[in-house]
Amino acid sequence: MPNIIVKGLKKAYGNKQVLKGLDFTAEQGEVIAVIGKNGAGKSTFLETLMMIRDFDEGTVNLFGKDVGSLGAKGVRELKKDLSIVLQPTNFYKNLRVKELLELFRSYYGKSADVKATIRDFELQEHLKTPFDKLSGGWKQRVALAIAFMSSPKLVILDEPTTGLDPYMRDVLWKNIIRHNKEHNGTILLSTHYMDEVERYCDKVMLIHEGQSNVFDTPANLLAKTGHTSINDFYLDRIGEKEAVR
Ligand SMILES: Nc1ncnc2c1ncn2[C@@H]1O[C@H](COP(=O)(O)OP(=O)(O)OP(=O)(O)O)[C@@H](O)[C@H]1O
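Cut-offs used in this document
Along each chain, residue indices are assigned from 1 in the same order as the chain's sequence is written. At least 70 in pLDDT is required for a residue's local features to be given in this predicted model, at least 80 for side-chain atom pairs to be given and counted, and no such filter applies to totals for whole chains, interfaces and linings, which use all residues. In computing side-chain properties, one takes all heavy atoms of the structure into account and sets aside hydrogens as well as water. Remark: exposure states derive from per-residue accessible area (1.4 Å probe, protein chains only) relative to the maximum for the residue type, with buried under 20%, exposed over 50%, and partly exposed in between. The numbering of helices and of strands both runs from the N terminus, where a helix is a DSSP run of H or I of at least 4 residues and a strand a run of E of at least 2. Strands were regarded as paired on the criterion that DSSP finds at least two bridges between them. Throughout, the term near means that a residue has one or more heavy atoms lying within 4 Å of the molecule or strand in question. Between N or O atoms, a polar contact is any pair within 3.5 Å; within protein, one atom must be a potential hydrogen donor and the other a potential acceptor, and residues adjacent in sequence are included only when both atoms are from side chains. A carboxyl oxygen of Asp or Glu within 4 Å of a side-chain nitrogen of Lys or Arg is what we treat as a salt bridge. By definition in these notes, contact holds between two residues if any of their heavy atoms fall within 4.5 Å. Whenever a helix is involved, its axis is fitted only over the stretch in contact; in every case the axis is a line through C-alpha atoms, and angles between N-to-C directions fall within 0 to 180 degrees.

**Student:** Give me the lowdown on the pairing of strand β8 (residues 186-190), citing residues and values where you can.
**Tutor:** By the criterion of burial, β8 is predominantly enclosed, with 5 of the 5 residues buried. Going residue by residue along β8, you find Thr186, Leu188 and Ser190 tucked away on one face and Ile187 and Leu189 tucked away on the opposite face as well. By the bridge criterion, 4 bridges tie strand β3 (residues 31-35) to β8 in an arrangement that is parallel. Across the sheet, the residue bridging to Ile32 is Leu188, located in β8. By the bridge criterion, 5 bridges tie strand β7 (residues 154-158) to β8 in an arrangement that is parallel. Across the sheet, residue Asp158 finds its bridge partner in β8, namely Ser190.

**Student:** Go over the site of the ligand, please, and point to the residues and values.
**Tutor:** Around the ligand there are 14 residues in total, and Lys16, Gly39, Lys42, Ser43 and Thr44 lie nearest to it. Here an oxygen atom of the ligand and a side-chain polar atom of Asn38 are 2.9 Å apart. Within the backbone of Gly39, a nitrogen or oxygen atom sits 2.8 Å from an oxygen atom of the ligand. Secondary-structure elements contributing two or more residues to the shell around the ligand are β2 (16-26) and α1 (42-49).

**Student:** A description of α1 should follow, citing residues and the corresponding values.
**Tutor:** Most of α1 is tucked away, with 7 of its 8 residues classed as buried. Buried within α1 are the following residues: Lys42, Thr44, Phe45, Leu46, Glu47, Thr48 and Leu49. Of the residues flanking the end of α1, it is Met51, one or two places downstream, whose phi is positive at about 65 degrees.

**Student:** Explain the pattern of salt bridges to me, using residue names and the numbers behind them.
**Tutor:** One pass over the structure, following the stated rule, counts 11 salt bridges. A salt bridge links Arg119 to Asp120, with the shortest nitrogen-to-oxygen separation between them at 3.2 Å. Residues participating in the shared-partner salt-bridge network are Arg169, Asp195 and Glu196.

**Student:** Describe the sheet that holds strand β5 (residues 65-66), and please don't skip the residues or the numbers.
**Tutor:** Here 4 strands make up an open sheet; going across it, the order is β2-β1-β4-β5 and the pairing antiparallel. If you trace the sheet from one side to the other, it starts and ends with β2 and β5, each paired once. Bridge analysis of strand β4 (residues 57-62) against β5 gives 2 bridges, and the strand direction is antiparallel. From the neighbouring strand, Asn61 faces β5, where its bridge partner is Asp66. Packed onto the sheet, α1 meets β1 (4-13), β2 and β4 and runs at close to 125 degrees relative to β1.

So this is what it looks like as structure tokens:
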């Protein structure tokens, strides 16, 4: 049974139809990139899966449960298997990193292991640093560490590496991949970095003009479409449709 099954998902803001019937499936163990232009609807889609955004039509099934027919209690239960990382710039800014980890451990319960998280994400050097004194890359690293600390079945990351230098992006990606291998969860993230999609992801979802196109692997996508890079594929897809408008 896939962890996520989405069928015919539609969402409008006022009279602006953003999602026009998306279909999507995610299996356990997969790392999936969601790509698309600014304003294509990536965050809207991810927020729907996070159960923090209502949708108009279609079905969203998470871990075998139909989100649309769950009550508040059911949603609360389902959220226990899910971790999300939004842009962490205003994240409990006066707390030190160690205090933040302890705080989240108290929410997550006994199974969350602060020591293992510090070790896995190599956080030792900044344990005493207040969150708002960290660099952007370190903020993302701490946010990821917190998201993974509860060993979630599904992790949803909205642009986790935006604005980071290539070294820090690589460090974060290695953490994401290693953790997911160990826990066999599903990771879904939006990104504008096509090199990351090619290098680290198992599957690609392109959202364009309210519709989705899902490719099973970046390598198969390139073989099928004949492009030499995901960047070329992306520019071609986005450009082609714009040219016929
Ligand atoms: N709460 C809202 N009310 C009205 N319009 C919204 C709302 N949230 C998003 N939108 C609009 O819906 C469209 C899709 O937005 P969304 O943030 O999902 O796109 P995105 O693909 O994540 O964009 P980006 O790459 O720029 O982050 C945009 O045109 C945006 O302006």
